[in-house]
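# Commentary on secondary and tertiary structure
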Amino acid sequence: MNTLKGIVEQTNNEKDSEGLAGSLILIGKALSDQGKFADSKECLELACTILDKKETVSPRFVAQACADVATVYEAMDEIETAVSLLKRALALIEKEPQELHAEGTVSARIGWMLLSGGEVPPAIPYLESAAERLKESFASKHFVAGHNYNNLGVAYLESERPQLAAQMFATAKDNLDVYRGPHHPDSIVARQNLAIAYNTVGSYTLAIESQQQVINHGISEDVIDENLNVAEESHAMPGLEKKEREYSKDPNRSCKQYTNSYAYPMEDFHYWRKALTHPCHPLEKCVPEKPTTHMYVHERSWLFVMICCK
């Protein structure tokens, strides 16, 4: 804070300078981060006064500054003010034909804020515009575009347009799978939304397939089926003595099988279960503790563990 105040003092003789406006925005953000919202707003209002005088001279700078100020107001949950500032930034950016990426990003932010506030109809034009602009600048294959497609799908679903929603969710899933990975929470959310959209339009088979991908976090059905087979073979393993070596209630032993819970006598309700517990973090310390009496578990179960660790 002291450093930022020093910058302001150095530029104080240039009251209308871009440097001073930028410094005030930085101080406003720092104050907001400290929870000093009243002081933060005072700095941001001073910055906006300077930006008013710079709009015709430096439209690009003012557009970026307005977007930065909007971010601070959003963090303070002043959504209406944030949206107003972003609309001001968008009006300036739209005059610059080469700023498709910036235009798409700002439109996406406005649409998301309106959608989050329950203003679905006003949000849709901004989200649709963002989809077009981001497609032109990113060829639609980018996680920013993916998030916007997902938000647009939500807006369509809320507007009772499930067919369009399903198209948007499918596109979002494809984007996010590439740039976030199929196991990323954002990708999983897109799959979940796609399942909901398919169910709404009556495409129950597709809905079930999408929901299964959500449950399995993108792990292939073959890998899961093979691991289930390994588990069945393990529990069907002949020889009580061999099995007993793997069953343990020793809390210091990480790899073990057990039946029911360790607190069985104290439970009000009992659930029958058989489990092979094998931790996988940190991986390098857990790998040596494979079950010794059924080494065939290694081939498939460790493939499953490696996928989960990714």
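Fair warning: this is a prediction, and the values are worked out from it, not measured in the lab. (Residues numbered from 1 in each chain as written. Predicted model: local features only at pLDDT ≥ 70, side-chain atom pairs only at ≥ 80, totals over all residues. Heavy atoms only, no water.)

Where helix H8 (residues 143-158) meets helix H10 (residues 185-201), the axes come as close as 11 Å, and the angle between the chain directions of the two elements is 30°. As judged from the angle between their axes, H8 and H10 are roughly parallel. Both H8 and H10 take part in a crossing whose hand is left-handed. Within the contact between the two elements, H8 uses His-147, Asn-150, Val-154 and Leu-157 and H10 uses Asp-186, Val-189, Ala-190, Asn-193, Ile-196, Ala-197 and Thr-200. Classifying every residue of the contact of H8 with H10 by side-chain character gives six nonpolar, four polar and one charged. (Axes fitted to C-alpha atoms, helices over the stretch in contact; angles between N-to-C directions. Helix = DSSP H or I, 4+ residues; strand = E, 2+ residues; numbered from the N terminus. Parallel < 35°, antiparallel > 145°, perpendicular 65-115°, else oblique. Left-handed = near helix turned anticlockwise from the far one by under 90°. Contact = heavy atoms within 4.5 Å. Nonpolar A, V, L, I, M, F, W, Y, C, P; charged D, E, K, R; others polar.)

Time to look at the layout of surface pockets. Empty space within the second largest pocket amounts to approximately 270 Å³. Lining the second largest pocket are 15 residues, and of these Gln-64, Ala-67, Ile-93, Ala-102 and Val-106 sit closest to its centre. Contributions of two or more residues to the lining of the second largest pocket are made by helix H4 (59-75), helix H5 (79-93) and helix H6 (100-116). Considering every element that reaches the lining of the second largest pocket, the biggest residue donor is H4, with six residues. Here the residues of the lining of the second largest pocket sort into seven nonpolar, three polar and five charged. (1 Å grid on protein atoms, 1.4 Å probe; cavity = no way out; pocket = protein on both sides within 12 Å on 5 of 7 lines; lining within 4 Å. Points joined across faces, edges and corners; volume = space filled by probe spheres on them.)

Attention now moves to the pattern of salt bridges. Here the structure, examined in full by the defined rule, presents 11 salt bridges. Here Arg-88 makes a salt bridge to Asp-52, at a shortest N to O gap of 2.8 Å. Here the residue Arg-88 occupies a position in helix H5, and Asp-52 occupies one in helix H3 (residues 37-54), the gap between them amounting to 36 residues. Across the pair Arg-109 and Glu-74 runs a salt bridge, and its minimum N-O distance is 3.6 Å. Here Arg-109 is found in helix H6, whereas its partner Glu-74 is found in helix H4, with 35 residues between them in sequence. If you follow the salt bridges from partner to partner, you end up with Asp-52, Glu-55 and Arg-88 in one network. (Salt bridge = Lys/Arg side-chain N within 4 Å of Asp/Glu carboxyl O.)

Quick look at the environment of Ala-123 now. Mapped onto the fold, Ala-123 is located in helix H7 (residues 120-138). Taking the C-alpha atoms as reference points, Ala-123 and Ala-155, separated by 32 residues in sequence, lie 7.5 Å from one another. Not counting residues within four places of it along the chain, the set of residues in contact with Ala-123 comprises Gly-111, Leu-114 and Leu-115.

Okay, the packing of helix H2 (residues 18-33) against H3 next. Where H2 meets H3, the axes come as close as 8 Å, and the angle between the chain directions of the two elements is 160°. In terms of orientation, H2 and H3 fall into the roughly antiparallel class. Considering how the two elements wind past one another, H2 and H3 form a crossing that is left-handed. The residues of H3 that touch H2, namely those facing Glu-18, Leu-20, Ala-21, Leu-24, Ile-25, Ile-27, Gly-28, Leu-31 and Ser-32, are Phe-37, Asp-39, Ser-40, Cys-43, Leu-44, Leu-46, Ala-47, Ile-50, Leu-51 and Lys-54. For the contact of H2 with H3, the class distribution of residues is 13 nonpolar, three polar and three charged.

Before going further, it helps to examine H8. Taking 1.5 Å per residue as the helical rise, H8 with its 16 residues ought to reach 22 Å, and the 23 Å between its terminal C-alpha atoms agrees with that figure. Taken residue by residue, H8 has Ala-145, Gly-146, Asn-148, Tyr-149, Asn-150, Asn-151, Leu-152, Gly-153, Ala-155 and Tyr-156 as its buried positions. One or two positions beyond H8, positive phi appears at Glu-160, with a value near 60°. (Expected span 1.5 Å × (residues − 1). Buried < 20%, exposed > 50% of the residue type's maximum accessible area, 1.4 Å probe, protein only.)

This part takes up the side chain of Ser-58. If you trace the backbone, Ser-58 turns up in the loop between H3 and H4. Classification of Ser-58 by relative accessible area gives buried; the value is 14%. Side-chain polar atoms of Ser-58 contact the side chain of Glu-18, separated by 2.6 Å. (Polar contact = N/O pair within 3.5 Å; in protein donor to acceptor, adjacent residues only side chain to side chain.)

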